[in-house]
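# Survey of secondary and tertiary structure
Chain by chain, the residues:
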Amino acid sequence: MRVGELARRTGTTVRALRYYEAAGLVVPRRLGNGYREYEPVAVRLVQQIRELTALGLSVEETRPFVESLAEGKDADVCGAAVATYRSAIDALQERIGKLTAQRDGLNERLASAAGRVRPPVAGRASADPGELVGVRVPPLDFFATDGRRVDLGALGPGRSVVFVYPLTGRPGVDLPDSLLNIPGARGSTEQASWFRDHHAELLTAGAERVFGLSAQSSGYQRELVHRLRLPYPLIPDPRMALAAALGLPTFGAGDMVLYRRLTLVISDGRVEHVFHPIAKPAMHAQEVMRWLSQRDRRGLRTTR
């Protein structure tokens, strides 16, 4: 078929086909009169290129897929194709994380420019954390530090441990005095480290997944994940959506409103247990691990 027919059948342009030809991906044969003629397989090759570039791959990255198709093989199973998928996914995850951090930073600047301090909690009034046992967690979408979208109301089967903390500092950056003077506000970095050190044991004891959550933006949280090499993601909640939904306790520190420290165990979309107050943040992971180990496998509730 001629170039115009191929363009029509694939929904692309002659210019794009010339580019694919120059890249050596879709090459026609030359007729005696100088015209180009494409084999029928060229339709599938061009469709493959267009499908993959629509998913974010560059034209060059489609090469292993196109070459496999041209050889009559499954384009998705060759080693080079699988490696390309993985590389593209890793790049997207990194980009999503960066964009999420930028979005959160812009939201905070917008709130500051509007002369607003982040509201403590809108919606449900602050509740006794112990009264949350049995409460269903509503749909709450976040982007975690690993780029994944997390819905706290639909975390999946099994128990999920979500430890909520005020904030963490950065090396060389002082925390505000108003925060340092509040009992129980410090210790978040040590707490995150203990959840890291006992992460495998927590999973063995019965937790399917572990998350940390605070009102800080993802920029602070991503720095902590990188610095401490955390094996679990952190969830940024700068608008305190979880506090608004469940009435979690908060406190003011200067011009900030932060979460008070507590840990939720969520099972089948409901709060199964609440750890609050937490007297020793640095050793709290062991407390959670003991509770998980003592649980009846049938999932009956107990009290602390």
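Details of the structure are given in the entry above.
So, here is what we can say about the structure in this document.

Conventions we followed
Residues numbered from 1 in each chain as written. Predicted model: local features only at pLDDT ≥ 70, side-chain atom pairs only at ≥ 80, totals over all residues. Heavy atoms only, no water. Salt bridge = Lys/Arg side-chain N within 4 Å of Asp/Glu carboxyl O. Helix = DSSP H or I, 4+ residues; strand = E, 2+ residues; numbered from the N terminus. Buried < 20%, exposed > 50% of the residue type's maximum accessible area, 1.4 Å probe, protein only. Axes fitted to C-alpha atoms, helices over the stretch in contact; angles between N-to-C directions. Parallel < 35°, antiparallel > 145°, perpendicular 65-115°, else oblique. Left-handed = near helix turned anticlockwise from the far one by under 90°. Contact = heavy atoms within 4.5 Å. Pairing = 2+ DSSP bridges. Phe/Tyr/Trp six-rings, centres within 6.5 Å; stacked < 30°, edge-to-face > 60°. Lys NZ or Arg CZ within 6 Å of the ring centre and 35° of its normal.

## Focus on the pattern of salt bridges
This model, assessed by the stated rule, comprises 14 salt bridges. Arginine 18 is the salt-bridge partner of glutamate 21, the closest N and O atoms lying 3.9 Å from each other. Of this pair, glutamate 21 and arginine 18 are both found in helix H2 (residues 14-22), 3 residues apart, which corresponds to roughly one turn of the helix. Its relative accessible area of 31% is what places arginine 18 among the partly exposed residues.

## Some details on the packing of helix H7 (residues 188-197) against helix H9 (residues 218-228)
Taken N-terminus to C-terminus, the directions of H7 and H9 make an angle of 50°; their axes are 11 Å apart at the nearest point. When the axis of H7 is compared with that of H9, the two are oblique. Taken as a pair, H7 and H9 cross one another with a handedness that is right-handed. Within the contact between the two elements, H7 uses Thr189, Ala192, Ser193 and Arg196 and H9 uses Leu224, Arg227 and Leu228.

## Remarks on the sheet that holds strand E10 (residues 262-267)
Hydrogen bonding along the main chain pairs the strands of a sheet, whether they run parallel or antiparallel. The mixed open sheet is built from 5 strands, whose spatial order is E7-E6-E5-E10-E11. What marks the edges here is a single partner per strand, and that holds for strand E7 (234-236) and strand E11 (270-275). Between one strand and the next, the sheet's axes are offset by a mean angle of 25°, whatever the strand orientation. With 3 bridges connecting them, strand E6 (residues 207-214) and E7 associate as parallel partners. For leucine 213, the partnering residue across the bridge sits in E7 and is isoleucine 235. Against the sheet, H7 touches strand E5 (159-164), E6 and E10, its axis set at about 160° to E5. Together, E6 and E7 form the strand contacts of H9, whose direction differs from that of E7 by roughly 170°.

## Brief notes about the packing of aromatic side chains
As enumerated under the stated definition, the model contains 5 aromatic pairs in all. Judged by centre distance (6.4 Å) and plane angle (55°), the ring pair of tyrosine 19 and tyrosine 20 falls under tilted. Using a relative accessible area of 7% as the deciding quantity, one classes tyrosine 20 as buried. Plain terms: the ring middles of phenylalanine 275 and tryptophan 291 are 6.0 Å apart, the flat faces sit at 80° to each other, and that makes the pair edge-to-face. Of this pair, phenylalanine 275 sits in strand E11 while tryptophan 291 sits in helix H11 (residues 284-294), and the two are 16 residues apart along the sequence. Both residues of the pair, phenylalanine 275 and tryptophan 291, count as buried. Taken together, the ring pairs in this structure connect Phe163, Tyr165, Phe195 and Tyr232 into an aromatic cluster. The residue whose ring lies beneath arginine 2 is tyrosine 35, and the NZ or CZ to ring-centre distance is 4.5 Å.

## A closer look at helix H4 (residues 63-70)
Taken as a whole, H4 has its buried residues at Pro64, Phe65, Val66, Ser68 and Leu69. Where H4 terminates, the next one or two residues include glycine 72, which has phi positive at roughly 80°.

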